[in-house]
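Below are the chains, spelled out letter by letter.
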Amino acid sequence: VEYPTDDSEYCLFVKGAPERVWKMCDKAYLEGKIQVVEENWRKAYDNVNLTLAKNGERVLGFAKLHLPRQSYPKGFNFHCMNVETINVPLKGLAFLGLISLMDPPRENVPYSVLKCKAAGIKVIMVTGDQPITAAAIAKKVNIISDKTAQEIAEEENIPIEAATKKASAIVIHGDQLAEAMREDEGLPEAERGRQLASWLQKPQIVFARTSPAQKLIIVSGCQKLGHVVAVTGDGVNDSPAIKKADIGIAMGITGSEVAKDAADMVLLSDDFSAIIIGVEEGRKLFDNFK
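Keep in mind that this is a model prediction, so the values were computed, not measured. (Residues numbered from 1 in each chain as written. Predicted model: local features only at pLDDT ≥ 70, side-chain atom pairs only at ≥ 80, totals over all residues. Heavy atoms only, no water.)

1. Digging into the sheet that holds strand β1 (residues 8-16)
Item 1. Taken in spatial order, the five strands make up an open sheet running β1-β4-β5-β2-β3, and their pairing is mixed. Looking at which strands have only one partner, the edges of the open sheet turn out to be β1 and β3 (33-36). Each adjacent strand pair in this sheet contributes to an overall mean axis angle of 35°, direction not counted.
Item 2. Bridge count for β1 against strand β4 (residues 58-68) is eight bridges, and the pairing is antiparallel. Bridge pairing in β4 places leucine 12 opposite leucine 65. (Pairing = 2+ DSSP bridges. Helix = DSSP H or I, 4+ residues; strand = E, 2+ residues; numbered from the N terminus. Axes fitted to C-alpha atoms, helices over the stretch in contact; angles between N-to-C directions.)

Following this line, the structure appears as structure tokens:
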């Protein structure tokens, strides 16, 4: 944005995943002054982020950088819409702080998830939130009821790989999924997706920090295991996974037109519990036909 100072015409502002924003910074604002980041600050940052995330709050990191006038004169043509063509520095920023947002699930969602489980429907959470936040929200809505692999690893002081095999509840980071896909490259088709399949066979699963392309991979992985897959979503980024699913479900109020067009069913109330009511009615009809 235009932000004239003695030696700058523009100021770059960044917001996003706190762990990624922090990696862009080597300075931070402290009591209104810019100071070089010290090693112990990282621990303080981790503690604050952990505390907020464990409460199920969505956390955003913020940073800024005054761009030098010599390199970025007035009228400079910025390219910030594409990561490949971006022409501003993404290192050496000054960290401003964290902001947390509370977006609580609807009151009837925990009960609806329990009804899904009782009906033999497995609920998998796929989100862009960081793993700690995702796990906290999943526990609130009964998607996760047991100790996660991370919690077991910390309590028993064992490697996360061993804890993952032992745990019935897992939280998989998008980076882990990307690594598994890279390991599949070059393998015969029949041998691909084994790591994903082992995760999907767990009874309680959350995928965190996922990209739109990874949502599609997760849906395909479930279908490969023989599951009939229903996917809910509201954004443009959700539409490929909604279209790929056996039953695509879009939100009628907050959903984008692209998501609605890709869906087989539109929830007029944007209420997860409506899906459960639909399943109940469908099963009644099926039983009557028999």
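Still more to cover.
2. Some words on the packing of helix α7 (residues 174-184) against helix α9 (residues 212-224)
Item 1. Two elements in contact, α7 and α9, have axes whose closest approach is 11 Å; the angle formed by their N-to-C orientations is 65°. On the basis of the axis angle, α7 is roughly perpendicular to α9. The handedness of the crossing between α7 and α9 comes out as left-handed. Listed contacts from α9 to Gly174, Leu177, Ala178 and Met181 of α7 are Gln214, Ile217 and Ile218.
Item 2. Class assignment of the residues belonging to the contact of α7 with α9 gives a composition of five nonpolar, two polar and no charged. (Parallel < 35°, antiparallel > 145°, perpendicular 65-115°, else oblique. Left-handed = near helix turned anticlockwise from the far one by under 90°. Contact = heavy atoms within 4.5 Å. Nonpolar A, V, L, I, M, F, W, Y, C, P; charged D, E, K, R; others polar.)

3. Let's talk about the environment of alanine 136
Item 1. Here alanine 136 is to be found in helix α4 (residues 131-140).
Item 2. Sequence separation between alanine 136 and isoleucine 217 is 81 residues; the distance between their C-alpha atoms is 24 Å.
Item 3. Residues in contact with alanine 136, not counting those within four places in the same chain, are Ala53, Lys54, Asn55 and Gly56.

4. Looking at the packing of aromatic side chains
Item 1. Tallied over the full model, the rule gives eight aromatic pairs.
Item 2. When the ring of tyrosine 72 is compared with that of phenylalanine 76, the centres are 4.9 Å apart and the planes differ by 70°; the resulting orientation is edge-to-face.
Item 3. Note on tyrosine 72: relative accessible area 12%, which makes it buried.
Item 4. Classification of phenylalanine 76 by relative accessible area gives partly exposed; the value is 26%.
Item 5. Taken together, Tyr10, Tyr72, Phe76 and Phe78 form an aromatic cluster joined through their ring pairs. (Phe/Tyr/Trp six-rings, centres within 6.5 Å; stacked < 30°, edge-to-face > 60°. Buried < 20%, exposed > 50% of the residue type's maximum accessible area, 1.4 Å probe, protein only.)

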